[in-house]
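# Structural overview
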Amino acid sequence: MEIKLGVGVLRSVLSRALGVAGGRGTSMPILSTVLLEAEVTPEGGRLKATAYDLEIGVVSEVPVEVAKPGSAAVPVKLLADVAKALPGGVVEIKAEANRRLVLTANASSFRLAGLDPADFPGLPTTSPKAKWAPVNREELVAVLDRVSYAISTDETRYALNGVLFEAADDWLTLVATDGHRLAVDRLAVTSRYGLTGDGAIVPSKAVAELRQLLTETSTEPGDLAFAEGSILYRRPGLAFTARLVDGQFPAWSQVVPAADPKAARLTIDRVALRDVLRRVLLLAEDKASAVTLALADGELTVSARSAEAGEATDRVPVEYAGPALSVTCNGHYLADVAGAETSFRLALQVGDEVSPLVWTPAAGGEARHVVMPMRR
């Protein structure tokens, strides 16, 4: 293999691969490499870069100058570090017979040890039955950002270690929960993307990688599909696949309280809530992070205490006219809601001190954030 391409193009390709194969160590060293394949097509020279950890795969294709077709497999983190250190301009890449990869740019030269590209595992073949359909990238990213904070990190509850995708009635609904809080949002669509029945659970790492790809600067439209236990995303020069979580997501709709005209409701500035929580949480117990919300006419009092450190109280004006009410919950969960939402003001519905707190955008929208109270 012998190719030439822009250093910036190489960095971009390796950035995608790094997210998949550049993480913690693996018992299979080949999974920490990026497979580089150069070929000459009727349209010109092309480089295909593939990263695959047996769960997530990403393939990038970019036009390059190909002097000699071939392939190489090199540790992706090392190659990405070298590419980052190279001066700008053009880099020449040659694969030697001893599996060494030589990179030359101006006066800089690197010779990297590689592995046998024949040992690189093949990605699953995309089903011809996959129901591809365009997806609004900006809207999908916004919904992912509003729900993914609630993904469980408890590996023993693997069915909660991701985001549930459901499609029904011209809506694509995304849900995440860790059993103590739940976030749900949806966007209008014209296709179900192959989703059926109980939907599909996309694992947290795949959510992060998909989000990164969706936010890349590109004028090309993107297509989404679910098929044969995988989520698929593609656009010209890019293909992404990730294995779905094999588990049963809980009946989340039973957790979200219906609108209750008798429940207490308040409206609060989102940034003010975030700032108050940041201050009060300095004195909350580390393990429980308990804060108490005391509602009164026109005012919300937020307090926390620690047996060792002391106590903190702060107040923020709100739109509230109702009976005095006090509820305790995990303050970090509330801060996550304030951080995930982008609306100027938030509305809160809470029935009593043992009822779930339901946060929504005050100006309207599909998002719902449910936080369970703590028993005092």
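Preceding block: the structure.
Residues numbered from 1 in each chain as written. Predicted model: local features only at pLDDT ≥ 70, side-chain atom pairs only at ≥ 80, totals over all residues. Heavy atoms only, no water.

## Considering the packing of helix α1 (residues 7–21) against helix α2 (residues 76–85)
Packed helix pairs are specified by the crossing angle of their axes together with the interaxial distance, meaning the distance between the axes. Note the following rule: Every axis corresponds to a line fitted to the C-alpha atoms, with the helix fit spanning only the stretch in contact, and the corresponding angles, defined between N-to-C directions, vary from 0 to 180 degrees. Here a strand is any run of E in DSSP of at least two residues, a helix any run of H or I of at least four, and the numbering for each starts at the N terminus. Each angle gets one of four labels, with under 35 degrees taken as roughly parallel, over 145 as roughly antiparallel, 65 to 115 as roughly perpendicular, and the rest as oblique. The sense of a crossing depends on the near helix, which, turned anticlockwise from the far helix by less than a right angle, makes the crossing left-handed and, turned clockwise, makes it right-handed. In this description, contact between two residues means that some pair of their heavy atoms is separated by no more than 4.5 Å. Classes in brief: Ala, Val, Leu, Ile, Met, Phe, Trp, Tyr, Cys and Pro nonpolar; Asp, Glu, Lys and Arg charged; the others, Gly included, polar.
At a minimum axis distance of 9 Å, the contact between α1 and α2 shows a crossing angle of 150°. Relative to α2, α1 is oriented roughly antiparallel. As for how α1 packs across α2, the hand of that crossing is left-handed. On α2, the residues that touch Val7, Leu10, Arg11, Leu14, Ala17, Leu18 and Ala21 of α1 are Val76, Lys77, Leu79, Ala80, Ala83 and Lys84. Partitioned by chemical class, the residues of the contact of α1 with α2 number 10 nonpolar, no polar and 3 charged.

## Examining unusual backbone geometry
What is expected of a backbone is that most residues other than glycine have negative phi and most peptide bonds are trans. A positive phi angle, close to 65°, is found at aspartate 170, a residue other than glycine. The phi dihedral of serine 289 is positive, around 50°, even though this residue is not glycine. Inspection of the secondary structure puts serine 289 in the loop between α5 (270–280) and β19 (290–296).

## Focus: the sheet that holds strand β21 (residues 310–317)
Stated precisely, the cut-off is as follows: Here a strand pair is declared whenever DSSP counts at least two bridges between the two strands.
Read across the sheet, 4 strands follow the order β21-β20-β19-β22 without closing on themselves; strand pairing throughout is antiparallel. Every other strand in the sheet has two partners, leaving β21 and β22 (325–330) as the edge strands with one partner each. Across this sheet, the average inter-strand angle for adjacent strands is 20°, counted without regard to direction. When β19 meets β22, the two strands line up antiparallel, connected through 6 bridges. Bridged to leucine 295 within β22 is leucine 325.

## Thoughts on helix α3 (residues 137–147)
Defined as follows: Buried residues are those whose accessible area, probed at 1.4 Å on protein chains only, stays under 20% of the maximum for their type, while exposed residues exceed 50% and partly exposed ones sit between those limits. Polar contacts here mean pairs of N or O atoms no more than 3.5 Å apart (in protein, one a potential hydrogen donor and the other a potential acceptor; neighbouring residues in sequence count only if both atoms are side-chain atoms).
For α3, the full list of buried residues reads Arg137, Leu140, Val141, Val143, Leu144, Arg146 and Val147. Two or three places before glutamate 138, at the start of α3, stands the capping residue asparagine 136, its side-chain oxygen 3.2 Å from that residue's backbone nitrogen.

## Thoughts on the environment of alanine 258
Mapping alanine 258 onto the fold places it in the loop between β17 (238–243) and β18 (264–269). Its relative accessible area of 61% is what places alanine 258 among the exposed residues.

Shape descriptors only; they carry no functional weight alone.
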